[in-house]
Amino acid sequence: GLTPAAVSEILAMGIDPLHEDGWQMNRGLTVLGGGHRIQLPWPETPSMPGYGMARPRKTLDHRLLQQAEGAGARVYQGYNVVGPLRGRDGSVTGVQVQPAGDRNAPLIDVKARYVVDAGGASARIATAVGLTKNPKRPMAVAARAYFRSPRGAEEWMESHLELWDGKPGESNLLPGYGWIFPLGDGLVNVGLGSVSSSAKATKLPYRQIFTRWVSTLPEEWQFTADSQVGPLRSAPLPMCNNRTPHYRAGLVLVGDAGGMISPFNGEGIAPAMRAGRIAAQTMVQAFGRSTRAGAEAAMSAYPAAIRDTYGGYYSLGRIFVRLIEKPEIMRICTTYGLPRPTLMRFVHKLLSDGYERRGGDTFDHILQALTAIAPKV
């Protein structure tokens, strides 16, 4: 599910999802919780469009790869990155790769001025050079499956702010949330997530909970065992910049490798894309310096920009997570908060990272002030 923040980055790449096949536009979120159901349209802002998109992850990644290759990137497929190359001073000077599926094949050295670890939550290169995750930052786990459904072309994504392990009101309320993202062509992404305020992710039987929760969803979606496409898959969601520094001695961390997932909604794609753009712009400046010291000074702008963009926002998110990991507090918030349209428009901007960093309306100014006084993590 791609929020307007993610769509904005896709547009900046030169991709026009409104006029290409394979994209499913959505107008906003239908939010359910506390016995209420409301619709929150995506706001139109100077920096973000008033719509989101959805697409199966595999085809999204392939489309982005095509765009990168068309822009001049050299793509090598069928290799695994084994580990980093290090200079005498400890700086990262490239990576070692090996043909996939052949552990006996000789390693190949690939040298580079800068190495970007965009390898997801495992952060293999970052871990190899000693950049460990901060155990005090939030961690979530998400699980999702695809289903065939007659409602696969709907223009609203659904967010279920309460996660019951059975019939609502008659079973256990769990620390988590669920979602339904129509993907077009009769396909729907259905998932759930659970968040913890520390690196120790919640230990829930996701497969059983997923099956029970899906069985409680409205029959018109037709989510059944027969309509499920492929297996249920899960992944960790490292949040709140839990692995830093995002640049050190030739190594750049982007996306999940740097723990950039939002604690407010579990979104990782928009922060990763924005970070990738900032990293690229920073490296262009570094390439133009005449000395190594000058290049390092230019590269220092990247982690500073990430802190400025997300530091205060994610500090607020850590407070948010400490509250919502208690199901009874989430129940109170949804019961009394959802019926208040003005409050929910503000919350919608907050949770979706849909606020303007400069200018904007009253809600934007409030969020700018809150993120400015919060510590920049």
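Owing to the predicted nature of the structure, the values given are computational and were not obtained by experimental measurement.

Describing the sheet that holds strand E6 (residues 92-99)
Here is step 1 of the chain: Pairing is antiparallel in the open sheet, where three strands are placed in the order E5-E6-E7. Single-partner strands in this sheet number two, and they are strand E5 (79-86) and strand E7 (108-111). Sheet twist, expressed as the average angle between the axes of neighbouring strands with direction ignored, equals 30°.
Here is step 2 of the chain: Relative to E7, E6 runs antiparallel, the two being bridged by four bridges. The residue of E7 that forms the bridge with valine 97 is isoleucine 108.

What to know about the pattern of salt bridges
Here is step 1 of the chain: Taken as a whole and judged by the stated rule, the model has 14 salt bridges.
Here is step 2 of the chain: Among the ionic pairs, arginine 27 bridges to glutamate 155, the shortest N-O distance being 3.8 Å. Placement of arginine 27 in the loop between strand E1 (24-26) and strand E2 (28-33) and of glutamate 155 in the loop between strand E9 (139-148) and strand E10 (156-160) is noted, with a sequence separation of 128 residues between them.
Here is step 3 of the chain: Taking the relative accessible area as the measure of exposure, arginine 27 reaches 43% and is therefore partly exposed.

A closer look at helix H8 (residues 327-337)
Here is step 1 of the chain: For H8, the full list of buried residues reads Pro327, Met330, Thr334 and Gly337. Seen from one end, H8 has its buried residues packed into an arc of 120°, which puts them on one side.
Here is step 2 of the chain: On its buried side, H8 packs onto E2, strand E3 (36-41), strand E12 (173-174), helix H7 (301-324) and helix H9 (341-351).

Thresholds applied
Residues numbered from 1 in each chain as written. Predicted model: local features only at pLDDT ≥ 70, side-chain atom pairs only at ≥ 80, totals over all residues. Heavy atoms only, no water. Pairing = 2+ DSSP bridges. Helix = DSSP H or I, 4+ residues; strand = E, 2+ residues; numbered from the N terminus. Axes fitted to C-alpha atoms, helices over the stretch in contact; angles between N-to-C directions. Salt bridge = Lys/Arg side-chain N within 4 Å of Asp/Glu carboxyl O. Buried < 20%, exposed > 50% of the residue type's maximum accessible area, 1.4 Å probe, protein only. Arc of directions from axis to C-beta. Contact = heavy atoms within 4.5 Å.

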